[in-house]
Amino acid sequence: MKLSLRELRDRFGGTISGDPDTVIVGVGSLETAGRGDITFAEKSSYQESVAVSNAAAVIVSEDFPDTLDKNLWRVAKPRQTFVRILG
C-alpha cells in the first residue's frame, strides 16, 4: 500500500486533522506503528497512547480530542475503517 491520507479519506470518508498529503505505506498497532504506518484508537482514553505513537496517522472517532502534532483521521467507526483498509 502507498496512499496519501487524503486518498484514504476520499475512499472511506471522514475528516482529516493534520497533513492530508502524509503517505501511508503500512499498518500497525498504536505501540508498534512506525513512520509511514496508520493505526487506530477507538476511545478518547487512548489520547496519551496516540500522543506517543510513532504512527504517521491515527484513525480516531469523530469526537476524539485534538492531539498536538499528530495526523488524525476522524471517522464514525475507527475499528471498522481500519479493517476496511486491511482488506
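For the structure, check the block above.
Residues numbered from 1 in each chain as written. Predicted model: local features only at pLDDT ≥ 70, side-chain atom pairs only at ≥ 80, totals over all residues. Heavy atoms only, no water.

Attention now goes to the nonpolar core. Judged by nonpolar contacts, the single largest core of 14 residues is most densely connected at L5, L8, I24, I38, I59, W73 and I85. Taken together, the elements giving at least two residues each to this core come down to α1 (5-12), β5 (37-41), β6 (57-61), β7 (72-75) and α3 (78-86). (Core = buried A, V, L, I, M, F, W, Y, C linked by side-chain atoms within 4.5 Å. Buried < 20%, exposed > 50% of the residue type's maximum accessible area, 1.4 Å probe, protein only. Helix = DSSP H or I, 4+ residues; strand = E, 2+ residues; numbered from the N terminus.)

So, about a nonpolar patch on the surface. Among the surface-exposed residues, M1, V27, V83 and L86 lie close enough to one another that they form a single nonpolar patch of about 340 Å² accessible area. Classification of V27 as partly exposed rests on a relative accessible area of 33%. (Patch = residues over 30% accessible without salt bridge, like charges linked within 9 Å, V, L, I, M, F, W, Y side chains within 5 Å. Areas by Shrake-Rupley, 256 points an atom, 1.4 Å probe, with all protein chains shown as cover. Salt bridge = Lys/Arg side-chain N within 4 Å of Asp/Glu carboxyl O.)

Attention now moves to the packing of aromatic side chains. One pass over the full model with this rule turns up two aromatic pairs. Between F12 and W73 the ring centres are 6.4 Å apart and the planes differ by 45°, which places this aromatic pair in the tilted class. With a gap of 61 residues between them, F12 in helix α1 and W73 in strand β7 connect regions that are remote in the sequence. On the basis of relative accessible area, F12 is assigned to the partly exposed category, the value being 22%. (Phe/Tyr/Trp six-rings, centres within 6.5 Å; stacked < 30°, edge-to-face > 60°.)

Take α3 next. Among the residues making up α3, those that are buried are P78, T81, F82 and I85. Projected onto a plane normal to the axis of α3, the buried residues spread over an arc of 100° and lie on a single side. As for α3, its buried residues are in contact with α1, β4 (26-27), β5, β6 and β7. (Arc of directions from axis to C-beta. Contact = heavy atoms within 4.5 Å.)

Within the chain, D69 stands out as a residue other than glycine whose phi angle is a positive 60°. Within the secondary structure, D69 sits in the loop between β6 and β7.

Looking at the secondary structure, you find V58 in strand β6. For the pair V58 and K43, spaced 15 residues apart in sequence, the C-alpha separation works out to 12 Å. In this structure V58 touches L30, T39, F40, A41, V50, N71, L72 and W73, once residues within four positions along its chain are discounted.

Treat this as a map of the structure, not an account of what it does.
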